[in-house]
Amino acid sequence: MIYLEVTTSSKSVRNTGIQRITRRIFQELAARVSLTPISWNKVGRRFHRLSRAERAILQTPFLGRSRPTTHPELRGENFMVDAYRTLFRKNLQLTDALQEGDVFLIPDIYRDARTRILPALNRKIRGKSAAIFHDAAALQLPSLYPRAGPRRRFREYIESLASFDLVICVSGHSHDELQRLWAQYGTKPTRTAVETWPVEFSEEERIQEQKPLGNLVVCVGSLEPRKNHLLLLRAAKSLWDRGLSFDLTIIGRSTVGHGWNVSKQIRTLQGKGYSVRWLRHVDDRVLHRAYRDCKFTVYPSLVEGFGLPIAESLWHGKPCICGGNGALGEVAQGGGCLIVDQDRAEALADGMAELLTNPSRYEKLCEEARERRFRSWSDYADRLLAHLGSLFGSGSAPQA
């Protein structure tokens, strides 16, 4: 039995890369082994099995809730909802539930009381425990995330990961960064592995030569500091002022504080007649259509654990302008990307101008993108189960 912790992916329709991957992990593993999805209650500080509504969000998050929203997490991820769960939901004691041969797997980031509770829990359970590690951007970019509280909680999260029997990193870069942080903090490391993400969209949707609808440029990513939207808007404005004609569409949920700064700048540009739109948080259907219709994408993020929007753009046969550092470079190096210094507005603007005005360069990158081959979900799920099985001295999946 695998107990899969799906807290964020079952409480709201939030649909960032981690939540989309978590939902697909649930889908793939549930088709192969006996699996119980569980959720963490921040108020009660305990786990519980999913309600019917939570399971519905996990399996079909946009059924009846497909309208774009700014803060999708507000419905379900709040104090009042967890207080209700505390009163009316039965506590799940993992120390009693997990038997020999069972696995507790947490694929999402956590920065709450779990950083203190999970190490003790991992020592007590009779089964094994595993976590998926994505990135440590809050610690890598202190100038963008200067608040001491969140940074301290992220450090506690990093340290708590060492209590798991296995940590699976989503890229070589994230693996190296995790090892570096453990060494920096004097934390005894645990067993690690690297398994990169597949691309979310199904093969039936891939069209090798989808023609763009005009000069549409798309950027996918939550409005948080490291995603670098303000610099992108500055670069786009400089191109519009130079007379280049294109439409810029930004897709992603907002965040407290910084998200308001980005949306304010978008409204300012719109008021002056510049062609920029913010679609906010959208479902996979709208996201797929944006990739399909665009000429190319821009992903100016400074640091990533993987860089899913790059892979998704290439999967759709569309070039991506991005940085070449860390995990971004790991995804981009196979072709189809125009590598720039994403920390400079001039470099972003030059890259966008290149793909807007140089047909031969653009077509070459399109051809490279169409030739890229991406990992299947079937392969990822099989490898994930092999890792979990290896915790018991075999390469087979945990017993059903």
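Residues numbered from 1 in each chain as written. Predicted model: local features only at pLDDT ≥ 70, side-chain atom pairs only at ≥ 80, totals over all residues. Heavy atoms only, no water.

J.: I'd love a proper account of the overall build of the chain, names of residues and values included.
T.: Helix and strand counts for the chain stand at 17 helices and 13 strands. Relative to the 2.2 N^0.38 estimate, which gives 21 Å for 400 residues, the radius of gyration of the chain is 21 Å and therefore close to what a compact globule would have. When its C-alpha atoms are laid out on the principal axes, the chain stretches across 65 × 45 × 45 Å. Within the span of the chain, comprising 400 residues, buried residues form 58% of the whole. (Helix = DSSP H or I, 4+ residues; strand = E, 2+ residues; numbered from the N terminus. Rg over C-alpha atoms; globule rule 2.2 N^0.38 Å. Buried < 20%, exposed > 50% of the residue type's maximum accessible area, 1.4 Å probe, protein only.)

J.: Describe the nonpolar core, listing the residues and the values that go with them.
T.: Residues Phe104, Leu105, Ile158 and Leu161 are the most contacted members of the largest nonpolar core, which totals 80 residues. Once residues within four sequence positions are removed from consideration, Leu161 is found in contact with Tyr110, Ala131, Phe133, Val167, Leu178, Trp182 and Thr190. (Core = buried A, V, L, I, M, F, W, Y, C linked by side-chain atoms within 4.5 Å. Contact = heavy atoms within 4.5 Å.)

J.: Quick rundown of the sheet that holds strand E13 (residues 337-339)? Include the residues and the values.
T.: As a general point, the strands of a sheet are linked pairwise by backbone hydrogen bonds and lie either parallel or antiparallel. Pairing within the open sheet is parallel, and its six strands lie in the order E10-E9-E8-E11-E12-E13. Here the strands that pair on one side only, and so sit at the sheet edges, are strand E10 (276-280) and E13. Ignoring which end each strand starts from, the neighbouring axes of this sheet average 25° apart. Relative to E10, helix H11 (residues 258-271) is tilted by about 140°, and along the sheet it contacts strand E9 (247-251) and E10. (Pairing = 2+ DSSP bridges. Axes fitted to C-alpha atoms, helices over the stretch in contact; angles between N-to-C directions.)

J.: Go over the pattern of salt bridges, please, and point to the residues and values.
T.: A complete count under the given rule lists 26 salt bridges for this structure. Glu312 is the salt-bridge partner of Arg20, the closest N and O atoms lying 2.6 Å from each other. Linking Arg20 in helix H2 (residues 17-30) with Glu312 in helix H13 (residues 308-315), this pair joins segments that are 292 residues apart in sequence. We note that Arg20, like Glu312, is buried. (Salt bridge = Lys/Arg side-chain N within 4 Å of Asp/Glu carboxyl O.)

J.: Quick rundown of the environment of Asn228? Include the residues and the values.
T.: Checked against the element boundaries, Asn228 lands in the loop between strand E8 (216-220) and helix H10 (229-241). Looking at Asn228, the relative accessible area reads 10%, which means it is buried. Linking Asn228 and Tyr299, residues 71 residues apart in sequence, is a C-alpha distance of 8.5 Å. Sequence-distant contacts of Asn228, that is, excluding residues within four places in its chain, are made with Pro300, Ser301, Leu302, Gln342 and Asp343.

J.: Lay out a positive patch on the surface with the relevant residues and their values.
T.: Positive charge collects at one region of the surface, where Lys42, Arg111, Arg147 and Arg153 lie side by side. Along the chain, Arg153 falls in helix H8 (residues 148-161). (Patch = residues over 30% accessible without salt bridge, like charges linked within 9 Å, V, L, I, M, F, W, Y side chains within 5 Å. Areas by Shrake-Rupley, 256 points an atom, 1.4 Å probe, with all protein chains shown as cover. Lys, Arg positive; Asp, Glu negative; His and termini not counted. Charge placed at Lys NZ, Arg CZ, Asp CG, Glu CD.)

J.: Describe the sheet that holds strand E4 (residues 103-106), naming the residues involved and giving the relevant values.
T.: With mixed pairing, the seven strands of this open sheet are ordered in space as E3-E2-E1-E4-E5-E6-E7. Strand pairing shows two members of the sheet lacking a second neighbour, strand E3 (46-49) and strand E7 (192-194), which therefore form its edges. When the angles between neighbouring strand axes are averaged without regard to direction, this sheet yields 25°. Sheet strands touched by H2: strand E1 (2-5), strand E2 (35-41), E4 and strand E5 (128-133). Its angle to E2, the strand with the most contacts, is close to 150°.

J.: Describe the side chain of Thr115, and please don't skip the residues or the numbers.
T.: Counting through the fold element by element, Thr115 comes out in helix H6 (residues 114-124). By relative accessible area, Thr115 is classed as buried at 6%. Looking at Thr115, its side chain comes within polar contact range of the main-chain oxygen of Asp112, at 3.0 Å. With sequence-adjacent residues up to four places away left out, Thr115 is seen in contact with Tyr110, Arg153, Glu156, Tyr157 and Ser160. (Polar contact = N/O pair within 3.5 Å; in protein donor to acceptor, adjacent residues only side chain to side chain.)

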